[in-house]
Amino acid sequence: MTATLPAVHNGAVTTADPSAETSPASHTLPESALAQSPPSSGPPGALADITGSGAESLAGYSGTPAAPGSGLQELLRMNPPDAAEATWGPAPAGQPALESVILPDDRVQIGDTTIYPWRVHSYLLIELTNGTWASGTGFFIGPHTVITAGHCVFVRGTGPGSGWVRSVTVMPGRNGSSLPFGSVAVSGGGLRSVQGWTQNGDSNWDIGALILPTNLGEQTGWLGFGAYDDNTLMSSIANIAGYPADKPTGTQWYHSRRLPSVAAQRISYEVDTYGGQSGSAVYRLVNGQRHAFGIHTNGVSPGVPVNSGVRITGPVFDRLKAWKA
């Protein structure tokens, strides 16, 4: 295999990795050979309740059915649109939103975002190349690595905000105007994606990463991540926490459902999401361990009444592992 140097664009890196041109269909992982990267709950104490149900335990949440350029304070008052709109535009009149609440809406708000795992999830304030703003969600997978959707770091198309974003401000565990872990801005070489997204616009490779200049993840902890086979995923509950723009600005919300279907490169779920949640982790909770198996990227569309995300396959796993290093 011939090594290829990364292609650099405005200081940001597009990984010229063979996985960007390889179909995950050729990387089937048997149950006996699951690839997993372990989670970390961060400092001792301040942990959410652990249950054996596969879904998070939260007061007021009925659970998953058994069936299948300004000052920071000013920026905090903003409620910008989801980063997906910069690439695909707003949903046409009468069509479902880019990310959708699948009724009934039984999402619950996370009241204390300082405990694990809620502090792992970060609000992303994104400045596009034309100086406008967008929002997204990301999640820690290591001390200095936050994973998100590719369209949160690189806007496809030819619009005024297209290309690599100017910066992304990461706000772990944001709770309204409160930033319990502060914030850190990432730009230039800290923005990462893959050729499958930045050059090909392939939604199956809509993944990105933020390499922080600090080890903020040591304070928050992080999720593990894994590549699982179809049977494992179909028996898993999809958990999603993030920052939907239809709720009070900067508040974190949670929902879960079982997966109705999986495909070679994507996962589909009836978990409620909304604009602002692009880049959220889709994770499973088993034996107290939380492992992401997907990255949320899309809402429902005509004829496809489920939200969806990029599946962590063997090649995606390898890329995330490299970003975590």
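Further up the page is the structure itself.
Residues numbered from 1 in each chain as written. Predicted model: local features only at pLDDT ≥ 70, side-chain atom pairs only at ≥ 80, totals over all residues. Heavy atoms only, no water.

(A) Highlighting the overall build of the chain. For the chain, the helix and strand inventory stands at 6 helices and 21 strands. By the burial criterion, 56% of the 325 residues in the chain qualify as buried. Summed over its atoms, the accessible surface of the chain is roughly 12400 Å², and 53% of this surface lies on carbon and sulfur atoms. (Helix = DSSP H or I, 4+ residues; strand = E, 2+ residues; numbered from the N terminus. Buried < 20%, exposed > 50% of the residue type's maximum accessible area, 1.4 Å probe, protein only. Areas by Shrake-Rupley, 256 points an atom, 1.4 Å probe, with all protein chains shown as cover.)

(B) The arrangement of the side chain of threonine 137 in detail. Looking at where threonine 137 falls in the secondary structure, it is placed in strand β6 (residues 133-142). For threonine 137, the residues in contact, after removing those within four places along its chain, are Ser122, Leu124, Ile147, Thr148, Ala241, Gly242, Tyr243, Gly276, Gln277, Ser278, Gly279 and Ser280. (Contact = heavy atoms within 4.5 Å.)

(C) Examining the pairing of strand β16 (residues 253-258) more closely. Counting buried residues in β16 gives 5 out of 6 residues, a clear majority hidden from the surface. Of the pairings in the sheet, the one linking strand β4 (residues 108-109) to β16 comprises 2 bridges and is antiparallel in character. In the strand pairing of β16, valine 108 is matched with tyrosine 254. Note: strand β15 (residues 237-242) against β16, 6 bridges, orientation antiparallel. (Pairing = 2+ DSSP bridges.)

(D) How the structure looks around the packing of aromatic side chains. Evaluated as defined, the whole model comprises 4 aromatic pairs. A ring pair is formed by tryptophan 118 and tyrosine 254, whose centres lie 5.6 Å apart and whose planes are at 65°; its orientation type is edge-to-face. In this pair, tryptophan 118 is assigned in the loop between β4 and β5 (121-127) and tyrosine 254 in strand β16, connecting sequence segments 136 residues apart. Accessibility assignment for this pair places tryptophan 118 and tyrosine 254 in one class, buried. Here the aromatic rings of phenylalanine 154 and tryptophan 164 are separated by 5.2 Å at their centres, their planes lie at 80°, and the arrangement is edge-to-face. (Phe/Tyr/Trp six-rings, centres within 6.5 Å; stacked < 30°, edge-to-face > 60°.)

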